[in-house]
Amino acid sequence: MQPVVAGDRVVTFWELVTERAVYGTVDELAALLRWLHGLQPPSSLVLPELRPFGRVELRIAQAELSEGDRRFLRDRLADLRARYAALEFVLPAGPVHGDANVGNMLRRQTDGVAVLIDLDGFAAGPREWDLVLTAMYFERFGWHTAEEYAAFAEIYGFDVMAWPEYGVLADIRELTMVTWLAQNAGESPEIAAEIAKRVADLRSGPGHRDWAPF
């Protein structure tokens, strides 16, 4: 049984999924999320509440940005926090992965079955949060095809893009993508240029994004 208490330490054991990264499909992600979101955690399991803005504020403060861009991102963060607080979700709250996308799903080396990885954001929160990345990867970035997204929504059983507040979650996800990259601004001219492009796109409003998938 896990976890194991050893002295003053709590230890868990994990099984290696694969030694070579082979990712699952959008269809498999939809099926996994439908399964995950259908789970009923035992009363003894108290999950942390979802923190949609995570370390965004700290990253804005520490990133190598012009003061104008820093001010813009802080204002956008304040606006999105207010908009998020006013959201009326349509799906019941429950366990969420926190960063559900095809890059966080690997095939097991033993049998080829796709499993979710990167569980550090696992929490209790609105299930729409787990659906928005696949939607915006299609709608804003073109990283998924229309056919892939249609299958995703059908398999899961809900189209988050049909929810009137979809744009708020998509805007929040974009902000986190920008600030995550901004903390690495000094690593290369390519990253600095990508950050400048992303901030400019945020200033111009919603639309198609030609962002490099760092």
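Residues numbered from 1 in each chain as written. Predicted model: local features only at pLDDT ≥ 70, side-chain atom pairs only at ≥ 80, totals over all residues. Heavy atoms only, no water.

### Observations regarding the overall build of the chain
Inference 1: Of regular secondary structure, the chain possesses seven helices and six strands.
Inference 2: For the chain, the sequential pattern of α-helices and β-strands runs β-β-α-α-α-β-β-β-β-α-α-α-α.
Inference 3: Overall size of the chain, expressed as C-alpha extent along the three principal axes, is 55 × 45 × 40 Å.
Inference 4: Counting the 214 residues in the chain, one finds 44% classified as buried.
Inference 5: Here the chain has roughly 11900 Å² of accessible surface; of this, 55% comes from carbon and sulfur atoms. (Helix = DSSP H or I, 4+ residues; strand = E, 2+ residues; numbered from the N terminus. Buried < 20%, exposed > 50% of the residue type's maximum accessible area, 1.4 Å probe, protein only. Areas by Shrake-Rupley, 256 points an atom, 1.4 Å probe, with all protein chains shown as cover.)

### Description of helix 5 (residues 146–156)
Inference 1: Within the span of helix 5, buried status applies to Tyr149, Ala151, Phe152, Ala153 and Tyr156.
Inference 2: The secondary structure elements touched by the buried residues of helix 5 are helix 1 (26–37) and helix 4 (128–139). (Contact = heavy atoms within 4.5 Å.)

### A word on the environment of Gly98
Inference 1: As for its placement among the helices and strands, Gly98 is situated in the loop between strand 3 (94–96) and strand 4 (105–107).
Inference 2: On the basis of relative accessible area, Gly98 is assigned to the buried category, the value being 13%.
Inference 3: Between the alpha carbons of Gly98 and Pro213 there is a distance of 19 Å; along the sequence they are 115 residues apart.

### Overview of the pattern of salt bridges
Close approach of charged atoms lets side chains of opposite charge pair.
Inference 1: Tallied over the full model, the rule gives 16 salt bridges.
Inference 2: Among the salt bridges present, the one from Asp99 reaches Arg173, with a minimum N-O distance of 3.9 Å. With a gap of 74 residues between them, Asp99 in the loop between strand 3 and strand 4 and Arg173 in helix 6 (residues 166–182) connect regions that are remote in the sequence.
Inference 3: Here Arg140 ties to Glu174 by a salt bridge, and the two come within 3.2 Å at their closest N and O atoms. Taken together, the positions of Arg140 in the loop between helix 4 and helix 5 and Glu174 in helix 6 put the pair 34 residues apart, joining distant regions of the chain.
Inference 4: Given the relative accessible area of 0%, Glu174 is considered buried.
Inference 5: The network of salt bridges with common partners includes Arg76, Asp79, Arg83, Glu139, Arg140, Asp171, Glu174 and Arg209. (Salt bridge = Lys/Arg side-chain N within 4 Å of Asp/Glu carboxyl O.)

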